[in-house]
Structures are given as C-alpha cells and as structure tokens.
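Structural description and commentary
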Amino acid sequence: MAPTGMEWHLAERPTIACLEAMGYRFVPPEEHADLRDGENQVLFRPHLIEAIQRINGVSLADAQAAYADLVSVADNEMWLKKLRGDFSRPVQGEVTRRTLRVVDFANPANNRLTVTRQFRVKAERTRIPDVVIHLNGIPVVVIECKSPINHKDKTGEAFDQIRQYERDIPRLFLSNVFNLVTDGTNCLYGSTGSPSKFYAAWRDPWPRRESDFTDVLSKGLWCLLEPSRLLDLIAHFVVFEKTEEGIVKKMCRYQQFRAVNKIVERVVENRHRRGLVWHTQGSGKSLTMAFAALKLKTHRTVDSPELTNPNILVLTDRVDLHTQISKTFTNCGLPNPTDIGSVRELRDLMDGRTDGLTALSTIFKFQGSEEAVANSATWIVMVDEAHRTQEKDLGAFLRKTLPDARFFGFTGTPIKKDDKDTYANFGVVGEGYLDKYGIDDAVADGATVPIYYTGRKTDWHIDDAKIDILFDQWFADLPDDKLAELKKRGVTVADLVKHPKRIDLIAYDIWTHFKEYARPDGFKAQIVAFDREAVILYKRALDVVIAADLVAEGMPAEDAQAMAADMSACVYSSSQEDGKPSEDAYTQSIRDDLVAHYLDDKAEIDVKKAFGKKGVRPDFLIVCDKLLTGFDAPAESVMYLDKPLKEHGLLQAIARTNRVADARKRNGLIVDYIGVSAHLDKALASYRADDVRNAMRDLDDLRNQLRAAHAAVLHMMKGVKRAGGRLDKDSLKAEFDQLVARLKPDETQWIEFRKAAREFIGLYEAVSPDPCVLEFTADLKWVALFLQYATQAIEKREAFDQRSYSRKIRDMLERHLDATGLSVTVKLRHITDPEFWEDFKVEGKTEDDLKTAAIRKTTELRKVVYERLGQNAHQYGKFSDRLRELLEKLEGAQLSWADTLKMAEDLAKDLEAEATAHEDAGMSQGAYGVLQVLLAFDAGEGADGLAERIAALYEDDATAPRLWQEKEGLRRSLRQQVRGLAHEFGLGTLKEVSEQVEDFALKQFAKV
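Attention here is on the structure that accompanies the text. (Residues numbered from 1 in each chain as written. Predicted model: local features only at pLDDT ≥ 70, side-chain atom pairs only at ≥ 80, totals over all residues. Heavy atoms only, no water.)

1. Observations regarding the packing of aromatic side chains
- Going through the model one piece at a time under the given rule, you end up with 25 aromatic pairs.
- Relative to Tyr433, the ring of Tyr423 has its centre 6.4 Å away and its plane inclined at 55°; by these criteria the two rings are tilted. In this pair, Tyr423 sits in helix 14 (residues 420-426) while Tyr433 sits in the loop between helix 14 and strand 18 (435-437), placing the two residues 10 residues apart along the sequence. Here Tyr423 and Tyr433 have matching classes, each one buried.
- Seen in terms of ring centroids, Phe736 and Tyr789 are 5.4 Å apart; in terms of plane orientation they differ by 45°. Their pairing is tilted. Residue Phe736 is found in helix 28 (residues 729-743), and its partner Tyr789 is found in helix 30 (residues 777-795); the two are separated by 53 residues along the sequence. (Phe/Tyr/Trp six-rings, centres within 6.5 Å; stacked < 30°, edge-to-face > 60°. Helix = DSSP H or I, 4+ residues; strand = E, 2+ residues; numbered from the N terminus. Buried < 20%, exposed > 50% of the residue type's maximum accessible area, 1.4 Å probe, protein only.)

2. Remarks on the packing of helix 19 (residues 500-517) against helix 20 (residues 532-552)
- Taken N-terminus to C-terminus, the directions of helix 19 and helix 20 make an angle of 55°; their axes are 9 Å apart at the nearest point. With respect to their mutual orientation, helix 19 and helix 20 come out oblique. The way helix 19 lies across helix 20 gives a crossing that is right-handed. On the side of helix 19, the interface is formed by Arg502, Ile503, Asp504, Ile506, Ala507, Tyr508, Ile510, Trp511 and Lys515, while helix 20 contributes Leu537, Tyr538, Ala541, Leu542, Val545, Ile546 and Asp549.
- In the contact of helix 19 with helix 20, the residues fall into 12 nonpolar, no polar and 4 charged. (Axes fitted to C-alpha atoms, helices over the stretch in contact; angles between N-to-C directions. Parallel < 35°, antiparallel > 145°, perpendicular 65-115°, else oblique. Left-handed = near helix turned anticlockwise from the far one by under 90°. Contact = heavy atoms within 4.5 Å. Nonpolar A, V, L, I, M, F, W, Y, C, P; charged D, E, K, R; others polar.)

3. Some remarks on the side chain of Lys498
- You can see Lys498 is positioned in the loop between helix 18 (493-497) and helix 19.
- With relative accessibility at 13%, the residue Lys498 sits in the buried group.
- Ignoring sequence-local partners within four residues, the contact set of Lys498 consists of Ile503, Asp531, Glu533, Ala534 and Leu537.

4. A short note on the sheet that holds strand 21 (residues 568-571)
- Strand order in this open sheet of 7 strands is 21-22-20-23-24-19-25, and the pairing throughout is parallel. Unpaired on one side and paired on the other, strand 21 and strand 25 (697-698) mark the two borders of the sheet.
- Here strand 20 (residues 524-528) pairs with strand 22 (residues 620-623) via 4 bridges, running parallel. Among the inter-strand pairings, Ala525 is bridged to a residue of strand 22, identified as Phe620.
- The sheet contacts of helix 19 involve strand 20, strand 22, strand 23 (636-641) and strand 24 (668-672), and relative to strand 23 the element is tilted by about 165°.
- The strands touched by helix 20 within the sheet are strand 20, strand 21 and strand 22, with strand 22 carrying the most contacts at an inclination of about 150°. (Pairing = 2+ DSSP bridges.)

In structure tokens, the structure reads:
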C-alpha cells in the first residue's frame, strides 16, 4: 500500500529523496525480512557480513563468526568502539587475534549506506520508526518525521516518539550514534538517550554556504549525513563522559566540528602553525579541545604525515580550569592523558623523546624555562584562555621551550582591540579568529540562555565623581573623631560600598527579589561583593534578613537562624592577615568571621556541588573574586552584582548565569547594585562592538518582547467575546468554547495559537516579578487555563504546559482555577480517586455537561491506559485498542455524549478489574505480571507455576538483593536463571523471554 499522510509528503518522502541523492540506497520495507534474522533483530545480516569480508579481506566463515560476535554486543559505548575499529577476534590460519574493521573510514565509498522506512522492531511493545539509516548493515541513525516540531522549546510528538522507541525497542539503539527529528522544515539532532532540550539544529554548513541549499531540511541532512561527514562524526565527535549522574553520551555541535576540522586542516597543510579560537563561555569549549585532541590523535578519516604520532599539550593558567579540562579529558576516555604534577615531570616527559603523548599542565610550569626540547616540532599546543597566558613573560618561556611547536589559542571571551600579543602569538596576520562562535550564536542555538540586566535603586550606585557628596550624606552620623580619621586618609569607593546601612538595605532587597524571582523554581544566586570584608558583611546582613522573615512566617527563632545560616555560603581566598589579632574591635570581628566562614579546598568542592543541585542548600554563594570564572552551575539564574567589574572580568562573571538548565530557565539575570549597567559601553569599551553587542541586554528588551507576545495572542483571539471582571466556571467555559470552535477545525491554527501562548507565558515568567507584568496578569490566567482546557477538548490528552511553568505561575493558576470553579472541568482525576466515577452519571446533566464529562473521561483514560501499558504491555495491550476505538468514535461524533460516557465507563471498569485480576487467579501481582509475559510466548498449561518460580527469583534477597537492578552482573545471572527455568518448561526464544521478563521485573521487583 502506498504511503499517505502529511508526515509522508512533508517530511518522510523528502528526507528519503535527499539521502538517495547523497548516495544512500533505499531499502523498501518488503526487503526487511530477507535482511534480518527476525523482526526482533535490527542488523542487516548480509550487508554486515559482506562489509566485513570486503573491508578486511577475510573468508565468509570468518565474517559470519564476526557477525555472531557483534550481534551479542549490548552496550552503546561498546558499539561505538566496535564502529571505530576496536574489534578483534581469531581468524582462520592466523596465530594471533586480528583487528577487524566494520567501517572503512579512510574510503567512504567502500561502505554501504542504506536508508529504509517503517522499520518494524518486534518487542514487548513493538514499534515502527519512520526512517532508519544503516551503515554496513548496522543501524546508526533513527529519523522521526512528525509535524510540527517546535524548535525553540523542543516540544512535539517527535521527541516523545524517540524517547518511546529508546525505551520500548532498546535493541535498535545499541549501535545508534544519534537521532534526528524533522517536520520537513526544522531538522534537529541529539545523541542516543539525549533529553529533548539538548536537541539542536546544525546551523552552519561549513565549509559550504547557506545559499548552496534550497531548504533547511536538505541543509540539515547534508550537514549530518553526507557520507564523509557522517563517518567523521562517528570517528571523532562522540564521547561518553562520566558525570556524577552517570555516563552521559555527548556529540559535537556544529561550531565544535568546524573549529576542530579547521585546526586539523591547518596541521595537515603545515602552512600556518597557529590559530585563535573564540567560543563564547558556556558553549562547550573544554569539549571542543577534547574533540580536537581525539581527532589529532586518532585521525581515522585523515591520512597525513603531519599527524603521525603527534604530541599534544593542553595548557591553562588557573588550577580550577586545569582541573576542569583534565576531568573532561579523563572522563571522556581520551587516549592516555597525562596530568603533569611538577616542572620536573613536565621536562622529563618532553625530553623523553617519546611521541604520541597527551599532556595536561598549567602555564606556570614553564616559568624560567629557556632550554628548547629536542622534538618541539612534534608538539601541538592548545592553550585555554590564551590572552591571559601572555602575561608575565609566561608566553615567552613557553615558546623558548617549544620553539617549533604548533600553537592554538582558545578563549571564552573576545580578545580586546588593543591586545596585539594574543593576535601575534596565536593568530595569522589578517585572519583575526581561526574560528568564532560569539555570544549571539550561542543564544540563537540555545547553547546558552541570554543574559539580561536591571539596575536597582540608583541612589545605591556609586559614582566616583560624587564620592565627597555621598560621603557627607552617608557618614553624617559618625563621631567627629572617626569622621576626621576617614577624611584624613581619603574617602574611597570601598568606604561607600561597604556602608552598613547600604549593605543592610541591599541584603533585604536581594532576599525580597530572590524569593519572588528564583526561589519558586529552585534556582540559585551568586552575590558578588566588593571584597572579602564585604563578603562577610553581606553574609551577616543576609542571615539576619532571612531569619527575620522565617520567624515572621512562624518558625522558631533558633531554627530560623540555623536555616538562614545554611542558605548561604562564602567562597574566598584566605590571607595570612586573617589569623592575626587586632586592637581594633571592628577589624578583629571581620577577621574572626573570615576564619569562621573560610572553606578549604574539600569544603569548597562540596559547597559547589551542593549549589549545583536544586533543593539542596546553599541557595546563595557570596563571593568577591573566586567562582567568577570557570564555574559551571546551570542552577544559577541570577547574579546580584555589587562590585565594579569591567572588561574581561565582567564578561566572565555574568556568564555564570548563562548555562542552560530546564525549560523554566529562559535567561540569566544580573541585578546591578553598583551601576555597571548604567555605563555598559564604557565597561566593555576595549572590545570590538560586534563582539560584545548582546553580552548583557537591558531588561527593557524583555519587557518589550512581552508586550509584543501579548499583542500577538490577543490578535489570534480577536472576535472572542469576553465578559471581563470576576468570572465563574460557566462563563469562562463559554468563552473557551468560542475559541475552541474556531481553532479545532484547522490543526495549523491550534498549533500556531499554542506556540504564541507559550511564548507569552514564558516571557511573563521571565519578567516577573517586575511590576510591568501586572497589566498582563488577567490575560495570562485566561490564556494559560485555556491551554489546559483546549488540549483536552482538541487533542484528548493532558496538557503538559503547566508542568513546565514556574512555581509562581502554577500557584497563581491553581488559585485561579479554584476561585472560578473551573478546576471541576479542567483538573484530571486518577482512576484510583473515588470521585473519578462521578462523571459517568448521566441523570440530570445537560448536553454540555455530558460533553465536558466525556472529554474529561477520555483524556483521563488515555493517561491511565498509557501509564499501565508502561507497567506491563502484555497485560494491558488489549486496552490500548479499545481506547483507540473510543477516541475515534468520539472524534467522528458516532455516539451521543451519554453513549460515549457509557463506553468509557465500561473501559474504566475493565481496567480496574484487570488491576485486581491476580487476586482472582490466586497469585501475587508480580507473579501474575510475569504470567502475562509468558503467555505472549505461548506458554500453555502450568505457566502459572513457572511464573511464580520466576517471580520468586526476583523477590528472594538471596538471588536478587537490594539494588540488584543497578548491578549488571546480578541482572545477567537472573536472566540466565530465567532462561534455565523457561528451557526446562519447554519454551523457545529463551533470550527474548528473559529480556522481557527482566523489563517487567525492573518495574515490579526493583529494590532500593
């Protein structure tokens, strides 16, 4: 049957045609059976066996044996190693094991690339991905074609579908490198297992131009899937990084791919032995350096004498940056990185005349070094924050030690206009940057969030020109002797900045703002104080303000003080002066607190980790110099600035707020108490205007965007009669129904409205608690509640929007729902809620009430069915078909509202009966669930006994102790025991039985 539908015409067909034009061969679905060892297998057996023979020149028998080995590989990271050539086995006629390649990276034409559609993979929950790409018979890319995709907030069915495939048919994703989602216009990619927020467009088709492509789809597909580029991505641009949360698969962004390949080209050409790379902060610069090292070391797709066993040296100018990059290299499994501990170690390594080294060090190790190493021409040096390494002759010592090396400088901030040394030492004359990825690029890609600023209380700003006037105002109440002493030594900015009343007022303002802006969603803040003394003053003031507020809320004073103290931590460097006694009582008290609040290295690491986690104290870090650079904390959404930073220091500091977190973090915010933002042009005057144009944006821009988004939504609601004033459930529902009636017939209109509404709500959240939002609050409530109502009425599903709203918005909507009575209509109940069954009563209800109840019941049942399918698809699969029939009849108006409710009630009752079916069978819930899995494999009489024996394996602490689900060895042992029991019973397909039993057991029998 010929494929039809919007997705086929707009996305799937153009995707396949584009790939065929690039040399991919189309495999029609009817050929799948001949190429696979069954519908539960994903490798194209003949293609892979033939490729192993062709690329390695081995016999058919050896290729078949290699295929058998590869079929058993059950780990994504291990599959990547196999793809890259880390695969060896015995070969007939050879004494030692032989490395067998499954991909020919050097010769792209020697590989078979195929594209197929409707690739059915049989599993407990059988799924059929739209488009799958095989490389030599190995599935490496899954493409989901759905319409439409919201490229900005990464919502849409395509992302849900990919996640569902990864969960339900994991076998297809064992060898997967990355996934694509497209609607024929947008084309976004993400590595295996990546959350939707990390999917991105490949914006720059370097080395080609945008104008070379007729549309976004063909550009995106060429960038990622053109055969030689796909091989390059697989070979050099995917890493598995070990993090505290586990192992995370990471794939390059386009600027990383572009910069690394420019560096490699420069090395291969051997013309210019240097280059300067500016990739703005937060865009993955450390990872760019790791990808560069990986390609320079392994260069699987490049054959050049210049890349024969190069030595790589990565240099930083700060211990924290060195630790960060060392950690990245080590955690990403780069080939043998050596962390240099001393000058002697570095010199021994360099003088060892051993090539193929990867060394990580700080620039300070070169202090005083003037003797050149013998093999300096074989060294490729990558220098982080390159502009800083030229200071204090360190750059000169480095070049004396490695006179013939290649030097590539990296920076997270732009280079100043007058910084001739950095351009001279790392740049090529007339070139500027070898590669540039600026602030606007990162924001446009969603790699970072934009940074906005707002000035607070201009009378708190310190103007150098008015120091004497301000001094007379602020210090008028000082005793005469103190006043004379201060005037005698000369009044400074620090005297004014640290005035006790000023600190107290700002601390109060910070806490008030933080409570409304960041705290509701668990975000954190940094306070940047003038100096170490100011850090202590802010700590004291903030503790008092927070404790007083907690007491006002009803907390006992002692508990409030303890909690307030825990909510902030101070991070600063110690000084020898801190421990010295002073005759001045004030100085002594500051020194005492500097000792008391100081964090040693371990404590500082612990505090930084805690700060990076939502829901874990501290909420504030109070700093003056430390943690303004090289500190990544996506949870930080606001910085309270009370230090007159400028140039590089300002750019570095504010970038702490630009890291991407979740959907609720739309931007970083700088709250300026010192007056930097009032003179922003002056503070950044030493940079080219283009380089820093949007480093910080005035909050006025965001206010204007909010006004525009509000106007756009109102325009789409034009003609809807709204009563205004205080509304009840029925009047609001009548208003909502008007707009539903207009949007429902045209899916495109509903999608456009939903998109505009989300933009309006998101901007309202970002600007709040700014007073300007008050004029939009009434419309915001209407629009946000309408989205909940209309999603049920139009799509028959629960609206997910409110889950991504900030806590302050959700609380406001909850109150509004209850006040209007609309919660009765909009809020969904679970099947376990006694009130769930009230809707099914039809007596005394109007047609409109019946319609509302029918829509709500189908929405609730859809949620329950999918929830239970996730628990055990074998047990609840039959309900999925009944739900589909119900939805089709509802949509086609084939039944009255009363009959629809009756059909829904029957489905709900049967669902509830199924939930207690194990009791009627005299079995535990777990054993009954296992039985449903076994019955799917045609287990006959006596299967209940087998199910109980298998359930006992997972229930018994001897065979399945605590946390068995997290230990691969225990899981493997349990699978083997299940296979043994199933074999004894006489079942076939033992491997599948054990895998599907385990899938159920992970949900039912997990032990924590």
